[in-house]
Amino acid sequence: MPDNLHGACQSDGTCDTSPTVEGPGSSIPKIKIQRFKFAFCGSPESAKRVCMHTASIQKSSQRWLPEIGADAGPMYLAISAALARDIETGRLRPGDRLPPQRELADALGIDLGTVTRAYTEARHKGLIEAEGRRGSFVLERGQASVTSIQTSVAPFDLGMNLPPIPANSSFAEDFADTVREVLRGSTAANRMQYQPAGGAPVDRQAGADWLAERGITASEDNVLVTSGAQTALHAIANSVLKPGDAVCTGPFVYPGWLSICRNRGLRIVPLEADAEGIMPESFARACTGDAIRAIYLVPVNENPTTATLPLARREEIVSIARRHDVALIEDDPYSRLDTAEIPSLASLAPERTWHVAGFSKIISPSLRIAYLRAPHVRDALRLAADVHETTIMAPPLNMAVCTQWLRNRTWRKLVDQVRNECLARQEMVRRILPTGTYHAAPEGYHLWIPLGPTANPLEFVSVLQPLGVSLVTSESFSAIGETASRSIRLSIGGSLDQETLERGLNLLDALLNHREGRLSPLV
């Protein structure tokens, strides 16, 4: 440091730094005075050392220093908060390079690890981005730190039906805030440990209260928390059904359930269905002619057909199930997006319904939290043992986050955001695709598209998948193997943005309605 650059430190720990320009011809530039206060400054000597390091930073282009009060809490959070505040006020602008971590640590008289932790916290908040040896830079407002992740991790098309990411989504911010709240709470240590089979009582009760909002009789004694609906369905099949048991389904079924049935050695009995879902008379005939043990249904926005069972059909199905002592397995991933709120099977027949509902399909698949409601306490105990054997427990932090959201109603806000995005995308679909060429639920995010007898479903896949549009052919959903009915399920959700979706829908319209011969050659 040049001899003519000095800082003045007061006995109260307040430091002023400014250069003293010696002589009219000095080439040392004027540096703005910076005043900051450290609650931890002990002696005037230590304050002077801090002041010297501060002057060293300020003579470079990286002049930022955090203004930290005496009651700012943990130092790494105080630095991160100061960074956010300075970005908000414009003191730091997009593209500004922050001081190197070691220099800032020296300037503040703290250890390097604290600054590293502060910068990491700021990255997680989407405030800054690290670019290796070039350093850390302030991001544009709204340009979250996930940008750097998205450039290195491409979207995956696993054929899954995923909720859209709303343009105004607060999910990432709400999740981060709630995790911090949980980890700062008095029960943080317990949340980081193995949880009881089926979830801690407080989490089970939160799920029970959530189900009760839809008229479902539930308590912490007969509700389990599982790591997603697939885990819950697997537990039901293992606990309730045995190899050789007959299970009714629609002609097209969620592939996850088909896989469970086949691995468990269950006999799948497909029923007839129409645009409103499974036909009760077909169910009655099956029960008369066979020893049906259970029926699997997705009553709202069935995957893949988008059918929603009207109340009258639900009541008929319940009556038939009671008459023939058939268990009802109600997979309910989408009903919270549906504003119609038709009574669930679990509310109509609580004594025989195994009800599964969660957050993966209505908020984000990253949560992997579902709630399984068993008809009786004894059933729940068996299920808890099966869940423990397969997955041990649901993710503890995610479970805690979801419990908080159920209590403070954050889940409603997040579901509203997804629903509004679905409505906007369905409006786009109606604008581009002719009426009658597809089936869709008004607040859903997948389409069921029947194809002509000569259409090749794989051609649709080859044209649309390069855009990132997820298509799955009807064979993947068929409960009867090969079928003469050719259809595709197209997802309009996931990480697909609206601009790409619009392009994909226009291509789909061309394939379906405005071509002679093939749109693109297949080799």
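Conventions and cut-offs
- Residues numbered from 1 in each chain as written.
- Predicted model: local features only at pLDDT ≥ 70, side-chain atom pairs only at ≥ 80, totals over all residues.
- Heavy atoms only, no water.
- Helix = DSSP H or I, 4+ residues; strand = E, 2+ residues; numbered from the N terminus.
- Buried < 20%, exposed > 50% of the residue type's maximum accessible area, 1.4 Å probe, protein only.
- Contact = heavy atoms within 4.5 Å.
- Areas by Shrake-Rupley, 256 points an atom, 1.4 Å probe, with all protein chains shown as cover.
- Pairing = 2+ DSSP bridges.
- Axes fitted to C-alpha atoms, helices over the stretch in contact; angles between N-to-C directions.
- Phe/Tyr/Trp six-rings, centres within 6.5 Å; stacked < 30°, edge-to-face > 60°.
- Lys NZ or Arg CZ within 6 Å of the ring centre and 35° of its normal.
- pLDDT = per-residue confidence, 0-100.
- Arc of directions from axis to C-beta.
- Right-handed = clockwise from strand over helix to strand, strands pointing away.
- Salt bridge = Lys/Arg side-chain N within 4 Å of Asp/Glu carboxyl O.
- Polar contact = N/O pair within 3.5 Å; in protein donor to acceptor, adjacent residues only side chain to side chain.
- Parallel < 35°, antiparallel > 145°, perpendicular 65-115°, else oblique.
- Left-handed = near helix turned anticlockwise from the far one by under 90°.

Along the backbone of the protein there are 18 helices and 18 strands. Per-residue burial for the protein yields a buried fraction of 50% across its 523 residues. By sequence separation, contacts in the protein at least 24 residues apart represent 68% of the contacts at least 6 residues apart. Working note: accessible area of the protein is about 24,400 Å², and carbon and sulfur atoms make up 52% of it.

Moving on to the sheet that holds strand β15 (residues 439–440). One open sheet holds the four strands; their spatial order is β15-β16-β18-β17, and the pairing between them is antiparallel. Pairing within the sheet leaves two strands with one partner each, and these edge strands are β15 and β17 (470–473). Direction of pairing for β15 relative to strand β16 (residues 446–450): antiparallel, over a ladder of two bridges. The partner of Ala440 across the bridge, within β16, is Leu447.

Positionally, Ala424 belongs in helix α16 (residues 410–432). Expressed as a C-alpha distance, the spacing of Ala424 and Glu443, which sit 19 residues apart in the sequence, is 9.2 Å.

Pairing is mixed in the open sheet, where seven strands are placed in the order β6-β14-β13-β12-β11-β7-β8. In this open sheet, the two edge strands, each paired with only one partner strand, are β6 (223–226) and β8 (267–270). Pairs of neighbouring strands in the sheet enclose a mean axial angle of 20°, with direction left out of account. Sheet topology places strand β13 (residues 353–358) next to strand β14 (residues 370–373); four bridges connect them, and they run antiparallel. In the strand pairing of β14, His355 is matched with Arg373. Against the sheet, helix α9 (residues 229–240) makes contact with β6, β11 (292–297), β12 (327–331), β13 and β14, and its axis sits at roughly 165° relative to β13, the strand it touches most.

The subject of this paragraph is the packing of aromatic side chains. Aromatic ring pairs are described here by two measures, namely the spacing of the ring centres and the angle between the planes. Evaluation of the coordinates by the stated rule reveals eleven aromatic pairs. Arranged with centres 5.8 Å apart and planes meeting at 75°, the rings of Tyr334 and Tyr445 form a pair that is edge-to-face. Within this pair, whereas Tyr334 is found in the loop between β12 and α13 (345–348), its partner Tyr445 is found in the loop between β15 and β16, the two being separated by 111 residues in sequence. The buried category is assigned to Tyr334, whose relative accessible area is 3%. Accessibility expressed as a relative area gives 1% for Tyr445, which makes it buried. Through successive ring pairs, a cluster of aromatic residues spans Trp210, Phe359, Tyr371 and Trp411. Across from the ring centre of Tyr76, 3.8 Å away, lies the NZ or CZ of Arg117, which sits over that ring.

Interpreting fine coordinate detail is not advised for predicted regions of low pLDDT. With 81% of its residues at a pLDDT of 70 or more, the protein shows a mean pLDDT of 84. In this model residues 1–61 is a low-confidence stretch, pLDDT under 50, and it forms 96 contacts with partners more than four residues away in sequence or in other chains. Here residues 144–154 scores under 50 on pLDDT; set against residues more than four positions off or in separate chains, the count is eight contacts.

Moving on: helix α3 (residues 101–108). Of all the positions in α3, only Leu104, Ala105, Ala107 and Leu108 are classed as buried. Projected down its long axis, α3 shows its buried positions confined to an angular sector of 165°, all on one face. Once α3 ends, the next one or two residues include Gly109, with phi positive near 70°.

Below, the discussion takes up the pairing of β8. In the sheet, strand β7 (residues 246–249) pairs with β8 via four bridges, with the strands oriented parallel. Counted as the bridge partner of Cys248 is Val269 from β8. Handedness of the crossover joining β7 and β8 through helix α10 (residues 255–264) is recorded here as right-handed.

For the coordinates displayed, the defined rule picks out 22 salt bridges. Of the charged contacts in the structure, one is a salt bridge between Arg191 and Asp203, with a shortest N-O distance of 2.7 Å. Placement of Arg191 in helix α7 (residues 188–191) and of Asp203 in helix α8 (residues 201–212) is noted, with a sequence separation of twelve residues between them. Across the pair Glu351 and Arg322 runs a salt bridge whose closest N-O atoms are separated by 2.8 Å.

Moving on, we get to the side chain of Thr306. Among the structural elements, Thr306 can be located in the loop between β11 and α12 (311–324). Its relative accessible area of 8% is what places Thr306 among the buried residues. Polar side-chain contacts of Thr306 include one of 3.5 Å to the backbone nitrogen of Ala440. Thr306 has contacts with Asn301, His439, Ala440, Ala441, His446, Leu447 and Trp448, leaving out every residue within four places of it along the chain.

This part covers unusual backbone geometry. Going from Asn303 to Pro304, the amide bond is cis rather than trans, its omega being 20°. Summarising the element assignment, Pro304 is placed in the loop between β11 and α12. The phi dihedral of Asn301 falls on the positive side, at around 55°, and the residue is not glycine. Checked against the element boundaries, Asn301 lands in the loop between β11 and α12. Even without being glycine, Asp325 reaches a positive phi, approximately 55°. Relative to the assigned elements, Asp325 resides in the loop between α12 and β12.

Take the packing of α9 against α10 next. Interhelical geometry of α9 versus α10 gives an angle of 30° and a closest axis separation of 10 Å. In terms of orientation, α9 lies roughly parallel with respect to α10. The interaxial crossing formed by α9 with α10 has right-handed handedness. Taken together, the residues of α10 that come into contact with α9 (itself represented by Gln230, Leu233, His234, Ala237 and Asn238) are Gly256, Trp257, Ile260 and Arg264.

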